[in-house]
Amino acid sequence: MRRVLILGATSAIAEETARIFASKGDRICLVGRRADRLEAIATDLKVRGAPQVETLVADLNEMERHEALLDEATEKLGGLDTALIAHGTLGDQARSQTDWAYAEREIRTNFLSAASLLGALANRFEAQRRGAIAVISSVAGDRGRQSNYVYGAAKAGLTAFTSGVRNRLAPLGITVVTVKPGFVDTPMTAHVPKGPLFAKPDVVARGIHRAIVRGRNVVYLPWFWWGIMTIVKLVPEAIFKRLRL
Amino acid sequence: MHPDRFESWGRFPRVCKQEVRSLRWRGDPLPAAEGTLLPFGLGRSYGDSCLNEGGTLLSTTGLDRLISFDHTTGVIRLEAGVTLADVLRFAVPRGWFLPVTPGTKFVTVGGAIANDVHGKNHHADGTFGRHVRAFELLRSDGSRLLCTREENAALYRATIGGLGLTGVITWAEIQLRPIHNPLIEAENVRFRNLDEFYEINAASERDYRYTVAWVDVLARGKNLGRGIYTRGNHAAPVTGDLPKLRWTSKITVPLDAPSGSINPLTVRLFNFAYYRRQLRRVRAGLMPYEPFFYPLDAVAKWNRVYGRRGFFQYQCVVPKETEAMRAILETIAASEEASPLVVLKTFGSLPSPGMLSFPREGVTLALDFPNRGERTFRLFERLDELVREAGGALYPAKDARMPPEMFRLSFPNWEEFARHVDPRFSSSFWRRVTTGI
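Keep in mind that what you see is a predicted model, and the values were worked out from it rather than measured. (Residues numbered from 1 in each chain as written. Chains lettered and ligands numbered in written order. Predicted model: local features only at pLDDT ≥ 70, side-chain atom pairs only at ≥ 80, totals over all residues. Heavy atoms only, no water.)

**Side note on the overall build of chain B**
Piece 1. Helix and strand counts for chain B come out as 12 helices and 20 strands.
Piece 2. Rg of the C-alpha trace for chain B: 21 Å, near the compact-globule value of 22 Å for 437 residues, within the 12% margin.
Piece 3. Seen along its three principal axes, the alpha-carbon backbone of chain B occupies a region of about 60 × 60 × 45 Å.
Piece 4. Within the span of chain B, comprising 437 residues, buried residues form 60% of the whole.
Piece 5. When the accessible surface of chain B is totalled, it reaches about 17700 Å², and 53% of it is carbon and sulfur.
Piece 6. Charge centroids of chain B, computed over 58 positive and 47 negative side chains, lie 5 Å from each other. (Helix = DSSP H or I, 4+ residues; strand = E, 2+ residues; numbered from the N terminus. Rg over C-alpha atoms; globule rule 2.2 N^0.38 Å. Buried < 20%, exposed > 50% of the residue type's maximum accessible area, 1.4 Å probe, protein only. Areas by Shrake-Rupley, 256 points an atom, 1.4 Å probe, with all protein chains shown as cover. Lys, Arg positive; Asp, Glu negative; His and termini not counted. Charge placed at Lys NZ, Arg CZ, Asp CG, Glu CD.)

Written out as structure tokens, the structure reads:
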């Protein structure tokens with residue numbers, strides 16, 4: 001039985017992943033901004049078989065609260081061995097280009113806040129010498145493109161940070177997974193026309209759960225994004241910069 | 001959300017001007033939107049009852065949470081966007097089954113209520129609506145109404161079978177049925193004509209919870225109405241391990257087939273093979289519940305075999321005593337327009353609470369027709385005539401073309417129902433059948 005902390009628990013991917021943990025009989029603590037939404041999810045997870053579901057209301061951009069939040073979650077669950085960092089926003093690139101305060105908030109949410117939590121969790125798992133952390137980054141972090149490079153840069157930073165933490169904790173056998181979803185059919189992408197590359201959140205969730213259980217390092221979800229991003233990364237910059245991406 | 005994916009199962013009519021908003025939290029108010037509103041689940045209604053040209057669809061599949069489940073009584077409370085497939089995945093391993101299920105599990109609970117769906121056990125258990133203990137209705141004025149047989153009873157009756165027009169169902173409470181295992185004790189019996197169907201049916205309804213028949217609609221003369229009768233019950237407890245019966249095949253129709261793939265020749269070949277698939281007259285055995293209830297769910301997007309022009313399903317109910325069903329089958333056989341997908345079944349006398357509920361005592365026939373334009377519409381008019389003479393009815397969930405007069409004859413309660421329609425809610429179907437009043 002795991003004791004699982006889910007940060008950004010009201011996201012569609014996080015909720016689907018929580019359902020898998022629930023069906024395995026794991027104990028779960030959900031963190032999000034809206035109490036009523038957390039409650040709706042918690043009720044569902046209990047009906048599906050989770051022996052214990054706790055909720056904590058927090059704005060994860062308030063980084064000074066992170067340590068206290070982890071203390072509280074650990075106390076409620078009687079320990080902590082698994083964490084999913086899932087919060088994020090897919091901002092408006094055009095607005096980011098003219099409104100720096102907005103862009104900074106995007107970077108704060110998608111990079112700084114996630115990195116702060118990952119760092120704090122890393123210290124705790126290092127001390128207890130066990131644990132597993134999955135961090136939801138994005139294929140957008142693999143190469144900057146004009147259509148979403150503020151989001152992409154934040155996720156690139158998070159990918160690098162996660163890679164460093166994995167390197168640091170590897171000798172202790174602690175799993176740190178970088179999750180790179182492609183297009184996922186969620187409220188975050190509600191405004192985007194859906195093509196055949198779009199995956200359902202439950203498919204991505206199964207991939208995340210499998211990666212945690214098997215102790216994987218970097219996973220593209222669905223898997224074919226590994227191929228797509230390999231090609232995207234191979235295109236010479238002289239050509240890449242002329243593409244409308 | 002992009003509206004392209006929001007088409008009905010028959011892919012006719014095609015609607016281009018339609019906004020979509022996703023519902024994800026049952027506590028949220030209705031989203032701001034232009035024009036009229038209509039809840040949309042999985043789009044398995046065949047015609048235009050799940051479409052809202054010029055208005056907004058409220059996509060409900062994000063409302064997919066369970067709220068409570070009582071292991072001892074089998075009462076489950078869940079959000080309206082939970083699919084019947086999800087309910088089965090949850091309930092079957094715990095020893096419970098849907099009280100009523102249509103021929104696909106890819107519908108939402110909200111959709112099952114809004115269409116007051118029926119299944120192979122209508123003669124024994126009535127419609128889905130009979131097993132809905134309570135639900136919450138969110139109206140456009142922001143009110144949230146708990147509806148049961150006692151509380152807000154008129155809205156309860158209007159919403160069951162109410163085609164999504166009375167507001168959004170946010171959650172519902174359903175009474176499940178206890179089962180011993182996921183198996184069905186099933187039996188197939190070949191019948192040579194319509195009279196034999198009625199004989200076998202009369203003998204089966206007492207002892208079998210589930211009954212349904214497939215009919216070879218190309219057979220005529222003394223073979224008119226021949227087919228295969230399927231009957232079954234939930235299996236008795238199995239001692240020891242369950243027999244290993246795998247049912248995992250899942251294929252997808254990848255592309256639209258060319259229009260005309262379903263034609264008299266291909267249908268004749270299929271029907272010939274299907275009618276003779278069993279050598280003996282009776283074949284019996286244990287089978288998993290999926291192929292018994294949902295044979296077509298094994299083929300995802302099967303509506304593509306009808307091509308880009310789409311198809312119609314015609315489902316009517318007529319009284320058993322009349323000769324109407326014979327005349328309907330004769331007309332269909334002579335037309336050579338139908339596809340092989342045909343369902344013949346008798347409805348029992350258990351009443352539904354729904355004002356606009358389709359099932360009523362009699363015999364119902366459902367079959368698919370590829371869209372061949374004017375020819376197909378003219379055949380439907382001839383069939384309408386026979387249904388009308390017999391005092392029968394057509395099923396809104398399957399309809400894309402019935403004239404307003406046919407709707408009003410089918411649903412004598414429609415004026416009482418209309419008083420409960422939410423002033424901001426509407427659908428392409430509702431506007432079509434209420435024009436000219």
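**Describing the overall build of chain A**
Piece 1. For chain A, the count of helices and strands is 9 helices and 7 strands.
Piece 2. Compactness check: chain A gives a C-alpha radius of gyration of 18 Å against a globular reference of 18 Å for 245 residues, within 12% of the reference.
Piece 3. The C-alpha extent of chain A, read off along each of the three principal axes, is 55 × 40 × 35 Å.
Piece 4. Counting over 245 residues, chain A shows a buried share of 51%.
Piece 5. When contacts within chain A are restricted to residue pairs at least 6 apart in sequence, those whose partners lie at least 24 apart make up 70%.
Piece 6. Surface accessibility of chain A: about 11000 Å² in total, with carbon and sulfur atoms responsible for 54%. (Contact = heavy atoms within 4.5 Å.)

**Quick look at the interface of chain A and chain B**
Piece 1. Taken together, the 21 residues of chain A in the interface contact 15 residues of chain B.
Piece 2. Buried surface at the junction of chain A and chain B, summed over both partners, amounts to about 1500 Å²; 51% is from carbon and sulfur atoms.
Piece 3. Linking chain A to chain B there are 5 salt bridges.
Piece 4. B:R24 serves as the salt-bridge partner of A:E15, at 3.2 Å between the closest nitrogen and oxygen. (Buried area = accessible area lost by both parts, 1.4 Å probe. Salt bridge = Lys/Arg side-chain N within 4 Å of Asp/Glu carboxyl O.)

**A closer look at empty space enclosed by the protein**
All names here are of chain B.
Piece 1. For the structure shown, the criterion picks out 3 cavities of 30 Å³ or more.
Piece 2. Together, F312, Q313, Y314, Q315, F380, L394, Y395, K398, D399, A400 and R401 line the largest cavity.
Piece 3. Element by element, the count of residues in the lining of the largest cavity is highest for strand β17 (residues 311–318), at 4 residues.
Piece 4. For the lining of the largest cavity, the per-class residue count stands at 6 nonpolar, 2 polar and 3 charged.
Piece 5. For the second largest cavity, the calculated volume is near 40 Å³.
Piece 6. Considered class by class, the residues forming the lining of the second largest cavity number 7 nonpolar, 3 polar and no charged. (1 Å grid on protein atoms, 1.4 Å probe; cavity = no way out; pocket = protein on both sides within 12 Å on 5 of 7 lines; lining within 4 Å. Points joined across faces, edges and corners; volume = space filled by probe spheres on them. Nonpolar A, V, L, I, M, F, W, Y, C, P; charged D, E, K, R; others polar.)

**Some words on unusual backbone geometry**
Piece 1. At the junction of A:L221 and A:P222, the peptide bond is cis and its omega measures out at -10° in the coordinates.
Piece 2. Looking at the secondary structure, you find A:P222 in the loop between β7 (218–221) and α8 (225–234).
Piece 3. Of note, the amide linkage connecting B:F12 to B:P13 takes the cis form, showing an omega dihedral of -5°.
Piece 4. Relative to the assigned elements, B:P13 resides in the segment before β1 (19–22).
Piece 5. Phi is positive for A:R129, close to 60°, though the residue is something other than glycine.
Piece 6. Taking relative accessible area as the criterion, A:R129 reaches 56% and is therefore assigned exposed.
Piece 7. A positive phi angle, close to 40°, is found at B:D116, a residue other than glycine.
Piece 8. With respect to the secondary-structure elements, B:D116 resides in the loop between α2 (109–114) and α3 (122–125).

**Examining a nonpolar patch on the surface**
Residues and elements named next belong to chain A.
Piece 1. There is a patch of nonpolar side chains on the surface, built from I239, L243 and L245 and spanning about 240 Å² of accessible area.
Piece 2. Residue position: L245 is located in the segment after α9 (237–240).
Piece 3. Residue classification places L245 among the partly exposed positions, given a relative accessible area of 35%. (Patch = residues over 30% accessible without salt bridge, like charges linked within 9 Å, V, L, I, M, F, W, Y side chains within 5 Å.)

**Brief notes about the packing of helix α5 (residues 100–128) of chain A against helix α6 (residues 149–169) of chain A**
Residues and elements named next belong to chain A.
Piece 1. Running from N to C, α5 and α6 point in directions that differ by 10°, and their axes come no closer than 8 Å. Put simply, α5 runs roughly parallel to α6. For the pair α5 and α6, contact is made by A103, E106, I107, N110, F111, A114, A115, L118, G119, A122, N123 and E126 and by V150, Y151, A154, K155, G157, L158, F161, T162, V165, R168 and L169, respectively.
Piece 2. When its residues are assigned to classes, the contact of α5 with α6 shows 14 nonpolar, 5 polar and 4 charged. (Axes fitted to C-alpha atoms, helices over the stretch in contact; angles between N-to-C directions. Parallel < 35°, antiparallel > 145°, perpendicular 65-115°, else oblique.)

**Here we look at the sheet that holds strand β2 (residues 37–40) of chain B**
Residues and elements named next belong to chain B.
Piece 1. Taking strand neighbours across the sheet as the criterion, the 3 strands line up as β1-β3-β2 in an open arrangement whose pairing is parallel. The sheet terminates laterally at β1 and β2, the two strands that pair on one side only. The mean angle between the axes of side-by-side strands here comes to 30°, regardless of whether they run parallel or antiparallel.
Piece 2. Judged from the 4 bridges that link them, β1 and strand β3 (residues 56–59) form a sheet pairing that is parallel. Following the sheet pairing, S22 is matched in β3 by S59. (Pairing = 2+ DSSP bridges.)

**Side note on the sheet that holds strand β7 (residues 132–138) of chain B**
All names here are of chain B.
Piece 1. One open sheet accounts for 5 strands, arranged β4-β5-β9-β7-β8; its pairing is antiparallel. In this open sheet, the two edge strands, each paired with only one partner strand, are β4 (66–69) and β8 (144–147). Taking the axes of each pair of neighbouring strands and ignoring which way they run, one obtains an average angle of 10° across the sheet.
Piece 2. Relative to strand β9 (residues 168–175), β7 runs antiparallel, the two sharing 6 bridges. Paired with L137 across the two strands is I169, which belongs to β9.

**Comments concerning the confidence of the model for chain B**
Piece 1. For chain B, mean pLDDT is 93; residues scoring 70 or higher make up 97% of the total.
Piece 2. Interface confidence for the predicted complex, expressed as ipTM, amounts to 0.91; the pTM equals 0.94. (pLDDT = per-residue confidence, 0-100.)

**Quick word on the packing of aromatic side chains**
All names here are of chain B.
Piece 1. For the structure shown, the criterion picks out 35 aromatic pairs over all chains.
Piece 2. Each ring, one from F97 and one from F293, has its centre 5.4 Å from the other, and the planes form 35°; the classification is tilted. Here F97 is found in strand β6 (residues 96–97), whereas its partner F293 is found in helix α7 (residues 289–293), with 196 residues between them in sequence. One exposure class covers both F97 and F293, and it is buried.
Piece 3. An angle of 45° between the planes, with centres 5.9 Å apart, marks the rings of F293 and Y294 as tilted. Of the two residues examined, F293 and Y294, each falls in the buried class.
Piece 4. In this structure, R94 packs its charged tip against the face of F90, placed 3.8 Å from the ring centre.
Piece 5. When the ring centre of F292 is taken as reference, the NZ or CZ atom of K120 above it lies at 6.0 Å. (Phe/Tyr/Trp six-rings, centres within 6.5 Å; stacked < 30°, edge-to-face > 60°. Lys NZ or Arg CZ within 6 Å of the ring centre and 35° of its normal.)

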